[in-house]
Amino acid sequence: MLISDGGVVYAEALWDHVTMDDQELGFKAGDVIEVMDATNKEWWWGRIVDSQGWFPASFVRLRVNQDEPMDDYPLKLEDGREEDSRNAAHRFGVGQTTKDQMRTNVINEILSTERDYIKHLKDICEGYIKQCRKRADMFTEEQLKTIFGNIEDIYKCQKKFVKALEKQFNKDYPHLSEVGCCFLEYQNEFQIYSEYCNNHPNACMELSRLTKVSKYVYFFEACRLLQKMIDISLDGFLLTPVQKICKYPLQLAELLKYTNPQHRDFKDVEAALNAMKNVARLINERKRRLENIDKIAQWQSSIEDWEGEDVLVKSSELIYSGELTKISQPQAKCHQRMFFLFDHQLVCCKKDLLRRDILYYKSRINMDNMEILDVEDGKDKDFNITVKNAFKLHCRDTEEVHLFCAKKPEQKQRWLQAFENERKQVQLDQETVVTRTYYDFLMRQKHPTLPTNLPQQQVFMLAEPKRKPSNFWQNISRLAPFRK
């Protein structure tokens, strides 16, 4: 047990921990945390100033010299200059003053977490998949492929990767270890994570369906107990590879920070960091898109008189929205409407005459066959009407034409740019093979809360970079409030 004599124990943060739950403790790399409860191996309870919460033990390292004060006051350096307490925490918190020792610690951390991850994958493959294959009466091969994806391939890949790391590890002088080349060697191998991440929502959907039947609940729990795995559900275990691939950039950034430019490993670590950032960027982008899907589902539920298929059947992102005047043939009737541009489609809604916050569904336009035509101010030949700030949507297949007018020139330009962005988004989705799932599944996917007695082990919590908050959805909510 870490805390046994009632003394204060401090740990220093290795990486940023972005909180995803109100019971988690957020911090930045270098922050010093007072560890209050470390009885659980994976998640500790700690405090920073007035904030308390759970945090991943793997994101911190204990200070060697626990007697050093951590109050915010300057400390004297050998030459008499004053040093900020944050810098002092870096120096004294690890019990070393050299960059080499810091690099040793990071190398050891990478190897340690990699070995833990290998055991985790082994437990899934041997504890669950192996047992499931014995029960042909309960699972088909297709079901197992849906639930576990290509995790067995990931296990094989990671076993080779950790051997490569161990081969490059310098036991006598760990700081001289050259591990950057391992990440570069396996960067193409890590692309198999893309398939796993694309399949992950389908896995959760299938598990959600199966666990409504009690015999599957008992079976999965028996598998966990036989393998002596930690107490979380199977969908929690299956999230680990997604989070692991996103943790590599954090580890490599820390390693680069303590690698001298003259070090033989410097260029490889720098290149490896960029390579793994690209992989993690795709996964984080997909995570953002899934969050948007949840919001789109809520938005659609607020629209009255909805007709036809759900927006999410074809679309997964709202590109732009706003009011436009739609002019219809043959009488050139003008209608003020609210338009929502998603990837692949433009949805038209009408505001309620009395309650302007209520929207009624009117129609939609398939954007895949449309070309955008900029219309000059003046008399339009097709509609025989004088227009201003106008543009057209022309269907290549049917020759159907839709005419729209904005109130101001700048609004028109924003719409033209939005249509261009919509085509770019569709092209990007095709290149990255983004999969879309129905909103009824995504509405059920909530971040699990941590209980007050024992933390939920969400292995390798994803510590993604913070994104600048956007007011876009708040603006949409004023137009069409989401229903509870």
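Residues numbered from 1 in each chain as written. Predicted model: local features only at pLDDT ≥ 70, side-chain atom pairs only at ≥ 80, totals over all residues. Heavy atoms only, no water.

A.B. asks: So what about the overall build of the protein chain? Which residues, and what values?
C.D. replies: What the protein chain contains, in helices and strands, is 13 helices and 16 strands. Counting all 484 residues of the protein chain, 49% fall into the buried class. When contacts within the protein chain are restricted to residue pairs at least 6 apart in sequence, long-range pairs at least 24 apart make up 64% of them. On the protein chain, roughly 25200 Å² of surface is accessible, and the fraction owed to carbon and sulfur atoms is 49%. (Helix = DSSP H or I, 4+ residues; strand = E, 2+ residues; numbered from the N terminus. Buried < 20%, exposed > 50% of the residue type's maximum accessible area, 1.4 Å probe, protein only. Contact = heavy atoms within 4.5 Å. Areas by Shrake-Rupley, 256 points an atom, 1.4 Å probe, with all protein chains shown as cover.)

A.B. asks: Before we move on, could you go through unusual backbone geometry and cite the residues and values that matter?
C.D. replies: The phi dihedral of His344 falls on the positive side, at around 85 degrees, and the residue is not glycine. With respect to the secondary-structure elements, His344 resides in the loop between strand 9 (333-342) and strand 10 (345-351). Its identity is not glycine, yet Asn389 carries a phi of approximately 55 degrees, on the positive side. Counting through the fold element by element, Asn389 comes out in the loop between strand 14 (385-387) and strand 15 (390-395).

A.B. asks: Outline the packing of aromatic side chains, supporting the account with residue identities and numerical values.
C.D. replies: Counted by the stated rule, this structure contains 25 aromatic pairs. A centroid spacing of 5.5 Å and a plane angle of 75 degrees characterise the contact between Phe183 and Tyr248, whose relative ring orientation is edge-to-face. Of this pair, Phe183 sits in helix 5 (residues 180-185) while Tyr248 is found in helix 9 (residues 240-257), placing the two residues 65 residues apart along the sequence. With respect to burial, Phe183 and Tyr248 carry one shared label: buried. For the ring pair Trp299 and Phe340, a centre distance of 4.7 Å and an interplane angle of 55 degrees mean the geometry is tilted. You can see Trp299 sitting in helix 10 (residues 266-301) and its partner Phe340 sitting in strand 9, a full 41 residues away along the chain. With respect to burial, Trp299 and Phe340 carry one shared label: buried. In this arrangement the basic side chain of Lys159 is found over the ring face of Tyr155, its NZ or CZ atom lying 4.4 Å from the centre. (Phe/Tyr/Trp six-rings, centres within 6.5 Å; stacked < 30°, edge-to-face > 60°. Lys NZ or Arg CZ within 6 Å of the ring centre and 35° of its normal.)

A.B. asks: Outline the pairing of strand 16 (residues 401-405), listing residues and values.
C.D. replies: Counting buried positions along strand 16 gives 4 out of 5 residues, so the element sits mostly inside the fold. Here strand 8 (residues 318-328) runs beside strand 16; their pairing, made up of 3 bridges, is antiparallel. Bridging from a neighbouring strand, Ile327 pairs with Leu403 of strand 16. Where strand 15 and strand 16 come together, 5 bridges link them in antiparallel fashion. Bridged to Phe391 within strand 16 is Phe404. Connecting strand 15 to the next strand, strand 16, in antiparallel fashion are 5 residues, including Glu399 with a positive phi near 65 degrees. (Pairing = 2+ DSSP bridges.)

A.B. asks: Help me get a handle on the sheet that holds strand 12 (residues 370-375), residues and values and all.
C.D. replies: A sheet is described by the order of its strands in space; here 7 strands give the open sequence 11-10-9-8-16-15-12, paired in antiparallel fashion. The outermost strands of the open sheet, each flanked by one partner alone, are strand 11 (359-366) and strand 12. On average, each strand axis in the sheet is tilted by 35 degrees relative to the strand beside it, whichever way the strands run. (Axes fitted to C-alpha atoms, helices over the stretch in contact; angles between N-to-C directions.)

A.B. asks: Account for a positive patch on the surface, naming residues and giving values.
C.D. replies: Taken together, the side chains of Lys122, Lys156, Lys159 and Lys163 present a region of like positive charge at the surface. Of all the elements, helix 4 (residues 151-168) adds the most residues to the positive patch, at 3 residues. With respect to the element layout, Lys159 can be found in helix 4. (Patch = residues over 30% accessible without salt bridge, like charges linked within 9 Å, V, L, I, M, F, W, Y side chains within 5 Å. Salt bridge = Lys/Arg side-chain N within 4 Å of Asp/Glu carboxyl O. Lys, Arg positive; Asp, Glu negative; His and termini not counted. Charge placed at Lys NZ, Arg CZ, Asp CG, Glu CD.)

A.B. asks: Lay out the side chain of His17 with the relevant residues and their values.
C.D. replies: Relative to the helices and strands, His17 resides in the loop between strand 1 (9-13) and strand 2 (32-37). Here His17 falls in the buried class, since its relative accessible area comes to 2%. Among the polar contacts made by the side chain of His17, one reaches the side chain of Glu24 at a distance of 3.4 Å. (Polar contact = N/O pair within 3.5 Å; in protein donor to acceptor, adjacent residues only side chain to side chain.)

A.B. asks: Please give an account of the state of the cysteines that cites residues and values.
C.D. replies: Applying the stated criterion to the full structure yields 0 disulfides. There is no disulfide at Cys246, and the cysteine sulfur nearest it, in Cys197, is 6.8 Å away. There is no disulfide at Cys349, and the cysteine sulfur nearest it, in Cys348, is 6.6 Å away. Exposure remark for Cys349: the relative accessible area of 0% places this residue in the buried category. (Disulfide = S-S within 2.5 Å.)

A.B. asks: Explain the sheet that holds strand 5 (residues 60-62) to me, using residue names and the numbers behind them.
C.D. replies: Pairing in this open sheet of 5 strands is antiparallel, and the strands run 4-3-2-1-5 from one edge to the other. Since the sheet does not close on itself, it has two edges, and those belong to strand 4 (51-56) and strand 5, each with one partner. Within this sheet the neighbouring strands show an average axis-to-axis angle of 45 degrees, counted without direction. Pairing between strand 1 and strand 2: 4 bridges, direction antiparallel.

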